[in-house]
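A closer look at the structure
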Amino acid sequence: MTSFFGTPMIGFAGWRLLCRLAAVTLLAALTAPAGAEEMTIRVGHFPNITHVQALVARNFERQGRDWFAPRLGPGVKVEWYAYNAGPSAMEAIFAGSLDLTYVGPNPAINAYARSNGEEIRVIAGAVNGGSALVVQPDEGLEGPADFRGKRIGTPQFGNTQDVATRAWLIAGGLRITQAGGDAQVLPTANPDQLALFKTRQLDAVWTVEPWVSRLELEAGGKVLVEHGEAVTTLLVSRTEFLTSHRDIVRRFMAAHRELSEWIMQHPDEAREMIRNELKIGFRTDMAPELIARAWGRMHITSDVSLPALRIFVANAQQVGFLRSVPDLSRLVEAP
């Protein structure tokens, strides 16, 4: 049967069904969480123990116990992207391919300076310590002067350990240039550093955990310099993303702080999750003893101070990576 206008007619039961559907739709609209939005947050990190929050969070996901998503709100999910070192992650931030990333202080500061303070904001700390200069034990390397003609590996040109190496050598009286100088600083991916150190093609390596402990245990290296409380890992945001989605970034930062606390309260479980994630996600199988050794060098914290970051600015200026730095008062910003 059709109506006067040529459209199908429905009976009383049909009208009652339509009314119920309309009521359900209206109720859903009225009770939907305020501010809910469908979106994906793209987060970078490195396959290093010093990026412990990211590794543990990813392992939670593998177990079906997603840490971040339930705390971010309906419709918000996290996608993880792995990088070897900070400069690569910062290029992804500049390209708009990442929204947040765990990264070392020097790449973050360099990106902040390159963009005249516009592109990067530090929103939380993550890990202090966990980095060191490891040397061949039988070459008599005791101070910067002993490194003349030597080859030192770092994770990537311009990353935090690369800058630390150059600043330490220069402070010790050596002439170090980006292309050479009295000693050669050779940016080399972490897995390659270990192989080159074993074959004595590198005299020393300045890197982060777990590679510091692997150089010790697997290659007989000796730790010469260790900055136990220096900032190693930060959580940073693309400024535009922070401005456009401040509430979501605030929730992510709160979840990051909560996760940091959980890790400190459950160290045994966290170490096992790190080991599993490195094995499954990055095909790196590490003994529990190695993870425990690396763990002892790290201090997990979600706090960050601007005075601590100014030390890295001074080092970057000393080695010629920064000529001028914008006002740092905007670098650290809590959402």
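Preceding block: the structure.
The structure reproduced in this document is the subject of the present report. Predicted model only: the values in this text are computed from it and were never measured.

Cut-offs and rules
- Residues numbered from 1 in each chain as written.
- Predicted model: local features only at pLDDT ≥ 70, side-chain atom pairs only at ≥ 80, totals over all residues.
- Heavy atoms only, no water.
- Helix = DSSP H or I, 4+ residues; strand = E, 2+ residues; numbered from the N terminus.
- Buried < 20%, exposed > 50% of the residue type's maximum accessible area, 1.4 Å probe, protein only.
- Contact = heavy atoms within 4.5 Å.
- Areas by Shrake-Rupley, 256 points an atom, 1.4 Å probe, with all protein chains shown as cover.
- Pairing = 2+ DSSP bridges.
- Axes fitted to C-alpha atoms, helices over the stretch in contact; angles between N-to-C directions.
- Arc of directions from axis to C-beta.

This part covers the overall build of the protein. What the protein contains, in helices and strands, is 13 helices and 11 strands. A burial count over the protein gives 50% of its 335 residues as buried. Residue pairs in contact within the protein that sit at least 24 positions apart in sequence constitute 77% of those at least 6 positions apart. Accessible surface computed for the protein: about 15100 Å², of which carbon and sulfur atoms make up 54%.

Read across the sheet, five strands follow the order β7-β6-β8-β5-β9 without closing on themselves; strand pairing throughout is mixed. In the strand order of this sheet, the two ends are held by β7 (184-187) and β9 (222-226), each with one partner. Going from strand to strand, the sheet's axes swing by 25 degrees on average, the running direction of each strand aside. Pairing between strand β6 (residues 151-154) and β7: four bridges, direction parallel. Along β7, the bridge assignment pairs Thr154 with Pro187. Packing of helix α7 (residues 190-198) onto the sheet brings it into contact with β5 (131-135), β6 and β8 (204-208), and relative to β8 it is tilted by some 150 degrees.

Attention shifts here to α7. Those residues of α7 that sit buried are Asn190, Gln193, Leu194 and Phe197. The buried residues of α7 occupy one face: seen down the axis, they fall within an arc of 100 degrees. Those residues of α7 that are buried are in contact with β5, β6, β8 and α8 (211-219). One or two residues past the end of α7 sits Arg200, with phi positive at roughly 60 degrees.

Below, the discussion takes up the environment of Arg323. Tracing the chain through its elements places Arg323 in the segment after α13 (306-318). Along the chain, Arg323 and Ala113 lie 210 residues apart, while their C-alpha atoms are 9.3 Å from each other.

A separate point is the sheet that holds strand β2 (residues 76-82). The strand order across the open sheet built from six strands is β2-β1-β3-β10-β4-β11, with neighbouring strands paired in mixed fashion. Looking along the sheet, the strands with just one partner apiece sit at the ends: β2 and β11 (298-300). Pairs of neighbouring strands in the sheet enclose a mean axial angle of 25 degrees, with direction left out of account. Pairing between strand β3 (residues 100-103) and strand β10 (residues 231-238): four bridges, direction antiparallel. Among the inter-strand pairings, Tyr102 is bridged to a residue of β10, identified as Leu235. Here helix α10 (residues 246-265) sits on the sheet and contacts β1 (39-45), β2, β3, β4 (120-129), β10 and β11; the angle it forms with β4, its principal contact strand, is near 5 degrees.

Nothing here speaks to function; it is all geometry.
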